[in-house]
Amino acid sequence: MDTEAIVIRIKTPAGDMDSAVDCPSVLNFNDLLVAIRDVMPEATVTAFEYEDEVGDRITVRSDEELKAMLSYYYNTMNEQRMNGLLPDPLQIFPRAGKTPGNRNIHGLKVNTRPNPANDCTHAVPDSMANNSLKKSSAELKRILTNGQINAQDINYQEQLGHGNGGTVYKAYHILGKRVLAVKVIPLDITVELQKQIMSELEILYKCDSPYIITFFSAFFVENRISICTEFMDGGSLDVYKRIPEHVLGRIAVAVVKGLTYLWSLKILHRDVKPSNMLVNTRGQVKLCDFGVSTQLVNSIAKTYVGTNAYMAPERISGEQYGIHADVWSVGISFMELALGMFPYPQIQKNQGSLMPLQLLQCIVDEDPPVFPVGQFSEKFVHFITQCMRRQPKERPAPNNLMDHSFITQFNDGNAEVVSMWVCRCLEERRAQQGH
Ligand code: ATP
Ligand code: MG
């Protein structure tokens, strides 16, 4: 029981900081203190407190007292669960020492574990166990300090859009001094699942590509997860409609490069569609909302039923799928962006892209749609036709996509084309809204 992962909420003057702790049984007092000091570097924290059931504050200054706190917390967690409630995080209140000069230096030396690195008499580090302990304390510190962004540091500005499951806001991160897009998704799930989602999202810190939206941080507050990413001032492609081929070509190059990068990390995007392709006035094109967290995708899917109209036929019919399914979605998305309408006329997406399964059956049963004659280049039509082959294996593989003549002809690094087009469209939109 006491190995169950928990969420610790550090109450700081600047706001709350929630952190998942995978393995509380290896947590010691000093590790937690170090983590608190990292988030409150200006204070001289020597202890912290928690609240008992009647609101009395209890001080923690040692490993023993930490154990007592955890065991008290597990009991309340159990009680809350038995009453059908989502357990609250473990709230701790850092306590500052009197003055920096007088601070009890023993507070800095509580770590009683032998540490070969500090002991010159040990010629050789004495055990693997020590290394792994050291690692877990470093790991903990990293987990606790990774929540660089928390709700209190964010000034929410306008709502950018609302999708299935989440609402996206433009926001300003006061400490980081930058504009963010924050996606807030309400999720009534257990702390255990929250923890699983947080660890699944960790791969996002490692994603580093100019064609993938930069991920800054994610955190749970009560029953909502907030995912903070880079803000793209051109928004998503679904609101642009009819995009000329020379612009679409440059966008396609970025999308194919972004997907190739994700696939190289063994990540399927799973939700390729115009609303998940973002542009900015610098002419950059980036993918967002790819499915790195199975648990997050599952938790959202439980609340929002429906099938995505951009899904490949094999996904609509519930078969196994892979990279080729993302390739289909590229085809149907770019066909829509070129035509200015969804390519299956019988499917009307009025509110978002989720539809009842029966409505999408035509994608499984019928031949893929074809372009009207004479309006688009042969290379473009060939590219889309290949991506939208009904048999997954007949669609281009990643390197064939990159080598397709439609992609190679626009792979010239010319960001200005997209940049000028985005700026012009935004101006037109502003002018329309002004009238
Ligand atoms: P779904 O929920 O089915 O994926 P969606 O993609 O339209 O649909 P969200 O992902 O919630 O829904 O996004 C809503 C809107 O917010 C998007 O359509 C886009 O216009 C805007 N948006 C999302 N992320 C950003 C971002 N990083 N920068 C600027 N705008 C964004
Ligand atoms: Mg989206």
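Remember, predicted model here, so these are calculated numbers, not experimental data.

Rules used in this analysis
Residues numbered from 1 in each chain as written. Chains lettered and ligands numbered in written order. Predicted model: local features only at pLDDT ≥ 70, side-chain atom pairs only at ≥ 80, totals over all residues. Heavy atoms only, no water. Pairing = 2+ DSSP bridges. Helix = DSSP H or I, 4+ residues; strand = E, 2+ residues; numbered from the N terminus. 1 Å grid on protein atoms, 1.4 Å probe; cavity = no way out; pocket = protein on both sides within 12 Å on 5 of 7 lines; lining within 4 Å. Points joined across faces, edges and corners; volume = space filled by probe spheres on them. Nonpolar A, V, L, I, M, F, W, Y, C, P; charged D, E, K, R; others polar. Donors = N, O, S within 2.8 Å, 3.2 Å for Na, K, Ca; no water. Buried < 20%, exposed > 50% of the residue type's maximum accessible area, 1.4 Å probe, protein only. Core = buried A, V, L, I, M, F, W, Y, C linked by side-chain atoms within 4.5 Å. Contact = heavy atoms within 4.5 Å. Expected span 1.5 Å × (residues − 1). Arc of directions from axis to C-beta. UniProt positions renumbered as here; feature names shortened; annotations may be inferred.

A. Highlighting the pairing of strand β6 (residues 154-162). Note: β6 against strand β7 (residues 167-173), 6 bridges, orientation antiparallel. Its bridge partner lying in β7, Q159 is registered against Y169. Between the end of β6 and the start of β7, which pair antiparallel, lie 4 residues, with G165 showing a positive phi angle near 110°.

B. View of empty space enclosed by the protein. With the rule as written, the count across this model stands at 1 cavity of 30 Å³ or more. Going through the elements one at a time, β2 (15-21), α4 (191-201) and β9 (215-221) are the ones with two or more residues in the lining of the largest cavity. Taken together, the residues of the lining of the largest cavity sort by class into 6 nonpolar, 2 polar and 2 charged.

C. Region of the structure containing the coordination of the magnesium ion (ligand 2). Here the magnesium ion (ligand 2) is held by N276 (OD1) and D289 (OD), and the distances to it run 2.0 to 2.1 Å. Here N276 is found in the loop between α6 (245-264) and β11 (277-279), whereas its partner D289 is found in the loop between β12 (285-287) and α7 (294-303), with 13 residues between them in sequence. Since its relative accessible area comes to 3%, N276 is described here as buried.

D. Structural context of the nonpolar core. Counting residues in hydrophobic clusters, the biggest one holds 77 residues, and the most contacted among them are I251 and F334. A per-element tally of this core places α6 first, with 11 residues. Setting aside chain neighbours within four positions, we find F334 in contact with L248, I251, A252, V255, M277, F380 and I384. Among the nonpolar cores identified, the runner-up in size contains 24 residues, and I8, I10, V21 and Y73 belong to it.

E. Summary view of helix α9 (residues 323-339). An ideal rise of 1.5 Å per residue puts 24 Å on 17 residues; α9 measures up with 25 Å between its terminal C-alpha atoms. For α9, the tally of buried residues reaches 15 of 17 residues, placing the bulk of the element in the interior.

F. Representation of α7 in the model. Those residues of α7 that sit buried are Q295, L296, S299 and I300. Within α7, the buried residues cover an arc of 130° as seen down the axis, which keeps them to one side. Opposite the buried face of α7, by more than 90 degrees, sit the exposed residues T294 and K302. Of the surrounding elements, those touching the buried residues of α7 are β8 (178-186), α4 and β10 (224-230).

G. Expanded view of the UniProt feature "binding site: ATP" (unreviewed entry) in the protein. Listed under "binding site: ATP" (unreviewed entry) in the UniProt record, and renumbered for this structure, are K183. Within the fold, K183 resides in strand β8. A relative accessible area of 22% places K183 in the partly exposed class. Every residue in contact with K183, bar those within four places of it in the chain, is listed here: G166, T167, V168, I225, S226, I227 and D289.

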